[in-house]
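Spelled out from the first residue to the last, the chains are:
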Amino acid sequence: MKLQHRIALISVAAAAVAGFVYSQIYIHEKNRKEIKEVAGELAATWKSQLRLNEEQTQMLEDSIIEYTIKKNEIINSSLGINQQINKLKTIQNSEYKSLKKFLTEDQFENYVHLNKQLTRKS
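## Quick notes on the overall build of the protein
When helices and strands are tallied, the protein shows 4 helices and 0 strands. Reading the helices (α) and strands (β) of the protein from amino to carboxyl end gives α-α-α-α. For the protein, with 122 residues in total, the buried portion stands at 23%. Counting only contacts in the protein whose residues sit at least 6 apart along the sequence, the fraction spanning at least 24 positions is 55%. Looking at the protein as shown, the accessible area adds up to about 9,400 Å², and 56% of this sits on carbon and sulfur atoms.

## Topic: the pattern of salt bridges
Evaluated as defined, the whole model comprises 4 salt bridges. Across the salt bridge formed by Lys36 and Glu61, the nearest N and O atoms sit 3.1 Å from each other. Of the two residues, Lys36 sits in helix α1 (residues 3-50) while Glu61 sits in helix α2 (residues 54-75), which places them 25 residues apart along the sequence. The class for Lys36 is partly exposed, based on a relative accessible area of 43%. Accessibility expressed as a relative area gives 13% for Glu61, which makes it buried. Between Lys70 and Glu66 there is a salt bridge whose closest N-O contact spans 3.1 Å.

## Some remarks on the confidence of the model for the protein
In this model, the protein carries an average pLDDT of 81, and 73% of its residues clear a pLDDT of 70 or more. Taken element by element, the predicted model of the protein shows its lowest mean pLDDT in α1 (70) and its highest in helix α3 (residues 81-102) (94).

## Here's the deal with the side chain of Thr57
Note that Thr57 resides in helix α2. By relative accessible area, which is 10% here, Thr57 ends up buried. Apart from residues lying up to four places away in sequence, Thr57 is in contact with Ala43, Lys47 and Leu52.

Each value, and the rule that gives it
- Residues numbered from 1 in each chain as written.
- Predicted model: local features only at pLDDT ≥ 70, side-chain atom pairs only at ≥ 80, totals over all residues.
- Heavy atoms only, no water.
- Helix = DSSP H or I, 4+ residues; strand = E, 2+ residues; numbered from the N terminus.
- Buried < 20%, exposed > 50% of the residue type's maximum accessible area, 1.4 Å probe, protein only.
- Contact = heavy atoms within 4.5 Å.
- Areas by Shrake-Rupley, 256 points an atom, 1.4 Å probe, with all protein chains shown as cover.
- Salt bridge = Lys/Arg side-chain N within 4 Å of Asp/Glu carboxyl O.
- pLDDT = per-residue confidence, 0-100.

This is the structure we're talking about:
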């Protein structure tokens, strides 16, 4: 193959890869923006339900974003259902440890209780 053909082929491949990477970044940013909006609304709801201060509310919003992304990655993975369930349980335990760092014991207990009620209604 001539050098010019190789350069052209490499250029086309590089452009395709660059386009793919850009589209993935765009999609990820769009999804992150949507998650951030929903997390803000959820944190505001929890703020009134649990009587959180501003710092706790911001930490809860950050936590919601972090753990939603982690959970979505598992749910959208090609893992089997049992593996997904086990990984989601592990993430939930990690999430609870994180929440216990900035919520009072009463706030945490109310969070768990209310969260269970909400998920049962869904």
